[in-house]
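These are the residues of each chain, in order.
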Amino acid sequence: MRLIYILPALLLTLQASAGEGMWLPHLLKALNESEMKSMGMKLKAEDIYSVNKGSLKDAIVHFGGFCTAEVISSQGLLLTNHHCGYDNIQSHSSLEKNYLRDGYWAKNTTEELTNPGLFARFIEEIADVSTDVLKGVTPGMSAAEKQSVIDINIRNYKSKFTLDKFHELEVRPFFAGNQYLAFFMVRYNDVRLVGTPPESIGKFGADTDNWVWPRHTGDFSLFRIYAGPNNEPADISENNKPFTPKHSMPISLDGIQEGDFTMVFGFPGRTDEYLPSIAVDQIMTHSDPAKIAVRDAALNIMNKYMRNDESTRLKYASKYATIANSWKKWIGEAKGLKSTNAVGKKKTFEAEFEKRAMKAKQYTGLIPQFNALYTANLEASLVRDYFSEAPNRNIEMLRLMGSLRNLVQTYEKSGEKDYLKMKDRLSAFMQEFYQDFSADIDKEIFVSLMQICRDNLAKKYMPASTEGKSFEVLGDVLYGASPFTSWEKSSAVLGKSPQECIDIIKNDPMYQMAMEWNEIIRLNVNPEFEKNRRQIDSLQSIYMKAQMELFPEKKFYPDANSTLRVTYGKVQGYKPKDAVYYNPVTYLDGVMEKYVPGDYEFDVSQKLIQLHEDKDYGPYADKTGKLPVCFLGSNHTTGGNSGSPAIDAHGNLIGLNFDRVWEGTMSDINYDASICRNIMVDARYVLFVIDKFAGAKRLIDEMKLVHPKGKKMKKKVK
Ligand code: ARG
Ligand code: ASP
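How each quantity is defined
Residues numbered from 1 in each chain as written. Chains lettered and ligands numbered in written order. Predicted model: local features only at pLDDT ≥ 70, side-chain atom pairs only at ≥ 80, totals over all residues. Heavy atoms only, no water. Axes fitted to C-alpha atoms, helices over the stretch in contact; angles between N-to-C directions. Helix = DSSP H or I, 4+ residues; strand = E, 2+ residues; numbered from the N terminus. Parallel < 35°, antiparallel > 145°, perpendicular 65-115°, else oblique. Left-handed = near helix turned anticlockwise from the far one by under 90°. Nonpolar A, V, L, I, M, F, W, Y, C, P; charged D, E, K, R; others polar. Buried < 20%, exposed > 50% of the residue type's maximum accessible area, 1.4 Å probe, protein only. Contact = heavy atoms within 4.5 Å. Near = heavy atom within 4 Å. Polar contact = N/O pair within 3.5 Å; in protein donor to acceptor, adjacent residues only side chain to side chain. Areas by Shrake-Rupley, 256 points an atom, 1.4 Å probe, with all protein chains shown as cover. Core = buried A, V, L, I, M, F, W, Y, C linked by side-chain atoms within 4.5 Å. 1 Å grid on protein atoms, 1.4 Å probe; cavity = no way out; pocket = protein on both sides within 12 Å on 5 of 7 lines; lining within 4 Å. Points joined across faces, edges and corners; volume = space filled by probe spheres on them. Salt bridge = Lys/Arg side-chain N within 4 Å of Asp/Glu carboxyl O. Disulfide = S-S within 2.5 Å.

Enquirer: Describe the packing of helix 11 (residues 277–308) against helix 12 (residues 310–339), with residues and values.
Expert: Running from N to C, helix 11 and helix 12 point in directions that differ by 155°, and their axes come no closer than 8 Å. On the basis of the axis angle, helix 11 is roughly antiparallel to helix 12. The way helix 11 lies across helix 12 gives a crossing that is left-handed. Split by residue class, the contact of helix 11 with helix 12 holds 18 nonpolar, 5 polar and 8 charged.

Enquirer: Give me the side chain of Thr312: which residues, what numbers.
Expert: Tracing the chain through its elements places Thr312 in helix 12. The class of Thr312 is buried, set by a relative accessible area of 12%. With sequence-adjacent residues up to four places away left out, Thr312 is seen in contact with Tyr305, Met306 and Ile441.

Enquirer: So what about the site of ligand 1? Which residues, and what values?
Expert: Near ligand 1, the surroundings consist of His83, Ala206, Asp207, Asn210, Trp211, Ala321, Asn325, Phe658 and Asp659. Asp207 is positioned with one of its side-chain polar atoms (N or O) 3.4 Å from a nitrogen atom of ligand 1. Between ligand 1 and Asp659, the relevant distance is 2.8 Å, taken from a nitrogen atom to a side-chain nitrogen or oxygen of the residue. Burial of ligand 1 by the surrounding chains reaches 82%, relative to a free accessible area of 350 Å². Looking at the shell around ligand 1, the elements with two or more residues in it are helix 10 (206–209), helix 12 and strand 19 (653–660).

Enquirer: Please provide a residue-by-residue account of the site of ligand 2, values included.
Expert: Around ligand 2, the surrounding shell consists of His83, Trp211, Thr638, Gly639, Gly640, Asn641, Ser642, Phe658, Asp659 and Arg660. Contact between ligand 2 and Gly640: an oxygen atom at 2.6 Å from a main-chain N or O atom of the residue. With respect to ligand 2, the side chain of Arg660 contributes an N or O atom lying 2.8 Å from an oxygen atom. Protein chains shield 89% of the accessible area of ligand 2, which is 270 Å² for the free molecule. The biggest single contributor to the shell around ligand 2 is strand 19, with 3 residues. Grouping the constituent residues of the shell around ligand 2 by class yields 2 nonpolar, 6 polar and 2 charged.

Enquirer: So what's going on with the nonpolar core? Residues and values would help.
Expert: Soluble globular proteins tend to pack their nonpolar side chains together in the buried interior. Counting residues in hydrophobic clusters, the biggest one holds 136 residues, and the most contacted among them are Ile48, Leu78, Leu222, Met263, Leu608, Tyr685 and Ile690. Considering each element in turn, this core owes the most residues, 8 residues, to helix 24 (residues 683–693). Apart from residues no more than four positions distant in its own chain, Tyr685 is found in contact with Ile201, Gly218, Leu588, Leu608, Leu627, Pro628 and Val629.

Enquirer: Residue-level account of the layout of surface pockets, with values.
Expert: Of the volumes computed, that of the second largest pocket is approximately 1700 Å³. Tyr86, Gln90, Leu314, Ala317 and Ser318 are, among the 47 residues lining the second largest pocket, the residues nearest its centre. Looking at the lining of the second largest pocket, the element that brings in the most residues is helix 12, giving 11 residues. Here the lining of the second largest pocket is composed, by residue class, of 18 nonpolar, 12 polar and 17 charged.

Enquirer: Explain the pattern of salt bridges to me, and be specific about the residues and the numbers.
Expert: Between side chains of opposite charge, a pair can form as their charged atoms come close. In total, this model carries 43 salt bridges according to the counting rule given. Ionic pairing is found between Glu352 and Lys355, a salt bridge with its closest N-O pair at 3.4 Å. Of this pair, Glu352 and Lys355 both sit in helix 13 (residues 342–360), 3 residues apart, roughly one helical turn. Taking the relative accessible area as the measure of exposure, Glu352 reaches 12% and is therefore buried. Residue Asp476 is joined to Lys443 by a salt bridge in which the shortest nitrogen-to-oxygen separation is 2.6 Å. With Asp476 in helix 18 (residues 471–481) and Lys443 in helix 17 (residues 439–456), this residue pair connects regions lying 33 residues apart in the sequence. The class of Asp476 is partly exposed, set by a relative accessible area of 46%. Taking the relative accessible area as the measure of exposure, Lys443 reaches 25% and is therefore partly exposed. Three or more residues are tied together by salt bridges with common partners; here these are Glu112, Arg224, Arg698 and Glu702.

Enquirer: An account of the state of the cysteines is requested, with residue identities and associated values reported.
Expert: Cysteine pairs can be covalently joined through their sulfur atoms, and such a bond is termed a disulfide. What the rule picks out here adds up to 1 disulfide. Here Cys67 pairs with Cys84 through a disulfide, and the sulfurs are 2.1 Å apart. Between Cys67 and Cys84 the disulfide shows an S-S torsion of about -75°. By sign, it is left-handed. Of this pair, Cys67 sits in strand 2 (residues 67–71) while Cys84 sits in helix 5 (residues 82–91), and the two are 17 residues apart along the sequence. Residue classification places Cys84 among the buried residues on the basis of a relative accessible area of 3%. The cysteine Cys676 is free of any disulfide, with Cys630 supplying the nearest cysteine sulfur at 19 Å. Residue Cys676 is classed as buried on the basis of its relative accessible area of 2%.

Structure, rendered in structure tokens:
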């Protein structure tokens with residue numbers, strides 16, 4: 001009798017839930033094609049990934065290595081998120097030409113703006129090289145021995161290929177080192193800014209709405225790949241011309257409906273889906289809360305100053321957004337892990353794992369070993385969390401001391417010539433640093449964060465020089481005495497002779513305290529941490545292999561590691577809490593509902609208000625005459641998937657991925673189909689903004705707009 005109750009529950013946890021998984025594009029045929037078809041996909045696996053003919057993958061690029069973008073015209077036009085293009089947009093902006101505030105639309109290709117350092121990288125081919133890479137690796141080897149064999153094998157493998165500077169080959173581990181794949185890539189270094197909406201569209205809702213549904217952000221921007229005269233990859237040059245891609249993605253004007261098949265194709269950065277329950281428990285009850293508490297305090301202080309003073313707000317806006325982005329994600333993650341009972345589910349899985357291991361007489365005892373190692377490592381890893389969040393990040397003066405230490409070490413180890421080179425780089429960095437820095441705010445953050453560290457860390461992990469001292473008093477002393485609280489003072493120091501400069505740095509009590517703390521971590525925390533970590537990593541590698549062998553009925557996908565993946569699901573709403581259901585689509589009407597005139601997060605431009613009043617949506621409205629803005633899907637995405645195309649059953653673009661819902665951010669650790677949703681901008685909103693809002697008709701003209709659902713165009717695009 002009992003079995004009947006247990007079995008369905010167990011099956012539920014074993015099956016990768018619909019939507020879960022970041023799949024390797026070259027394995028879709030074997031692993032996913034039939035399921036994708038059963039969910040409504042009309043494509044074949046080789047339409048998505050093929051080496052021999054143009055396929056969807058030929059329209060996907062790793063954008064600068066941190067986001068995804070897709071080619072949407074035969075002239076190399078690239079679509080990505082506004083937040084992915086943000087730094088480049090900002091670098092072209094000034095008070096007179098404020099592209100962040102006002103948007104920018106190049107009227108022709110000559111007005112498209114170059115971005116040194118930005119690249120677009122395509123995947124040409126993926127090959128399984130596990131046999132080559134793992135040759136000579138034996139079970140008895142230590143982790144270090146194993147790694148050195150692997151490193152040599154990878155080097156040997158790579159040496160078989162001669163590559164020019166635009167072609168790259170990378171070999172990467174998958175499934176915790178049980179599989180190795182080679183990626184042949186081609187890189188284009190001339191990627192120009194073509195167009196961007198103003199922040200009031202591209203970043204509408206800013207930090208308040210970040211990670212939140214319902215969402216109304218038009219988070220997109222347009223770039224273009226330029227290639228050499230023969231369409232070959234090239235560095236930035238006047239002779240370059242728009243790139244002709246192997247494939248560009250048609251854009252659907254037919255939109256989406258709840259239940260429609262969706263697929264997201266891009267470069268997810270990092271996930272940890274196969275951790276033991278104890279690791280998940282430690283993230284949820286220790287690591288996330290510690291990091292959240294430190295950032296809570298820092299953000300509160302920044303916010304107080306930002307709300308009081310406009311120039312402070314401008315200075316701190318970008319910093320605040322970056323710090324708040326992970327902070328808010330961790331809060332959602334910890335809550336989601338708890339509310340979906342992730343630890344309990346992992347424990348149920350582990351019980352079954354142990355049972356099967358006993359039966360197979362292999363892999364027994366892994367879970368207790370994990371428990372022992374993670375327990376032993378908890379203290380060190382928590383100290384490192386506080387250390388990395390407080391002195392190494394959010395107390396900016398202490399963080400700056402780390403850069404000064406590099407200068408000191410360069411001088412002492414490599415001499416004056418290298419010192420001077422390093423000093424030039426450091427000066428440039430510091431000059432920029434102080435533009436967005438206020439010593440008063442930082443001092444207040446220092447006082448608050450030092451206290452948090454003192455309250456949470458054993459005395460031996462705090463700098464002895466702070467013992468028994470009030471941090472208020474200490475803050476006054478350190479910030480009062482340091483010659484590095486402003487660029488004015490710092491540049492005077494850096495202008496002195498090398499020896500004098502080094503002496504001043506080393507005599508600064510702020511520097512001394514930072515170094516004292518650094519040494520505690522280096523000598524008393526890291527060795528223990530790294531020793532445990534190495535053992536955990538090799539155990540994880542065995543555990544991964546064991547899971548795959550003992551659960552042959554389960555389909556496994558490798559954790560994200562910034563390589564190209566396909567994830568698929570459906571357009572789907574969700575139930576965030578009792579009695580509440582969220583619809584999967586938002587509309588322009590919702591933008592107007594959120595409108596707060598003059599507010600820096602929720603202002604709306606007059607032009608958009610007018611278009612809304614006139615219902616002047618061109619062919620981009622849905623059947624009911626409303627203009628869709630964003631929609632939700634059950635696609636399994638993570639950081640790095642930003643800018644990834646949302647693709648329909650036929651291979652057309654229907655949207656642009658840019659975020660996830662807050663309740664489901666724990667999908668990085670434990671995907672749960674009930675509340676994990678990705679957020680996409682509707683392609684029709686993107687087109688509407690380009691066409692109706694910006695009047696950039698020339699861009700619409702180079703795209704291929706299609707009607708896969710067979711509807712006739714209501715109106716010709718004006
Ligand atoms: N949460 C999204 C992601 O992790 C968007 C971040 C950009 N937006 C922001 N307000 N910081 O990257
Ligand atoms: N916003 C993330 C990104 O920039 C995507 C996510 O974490 O869902 O890649």
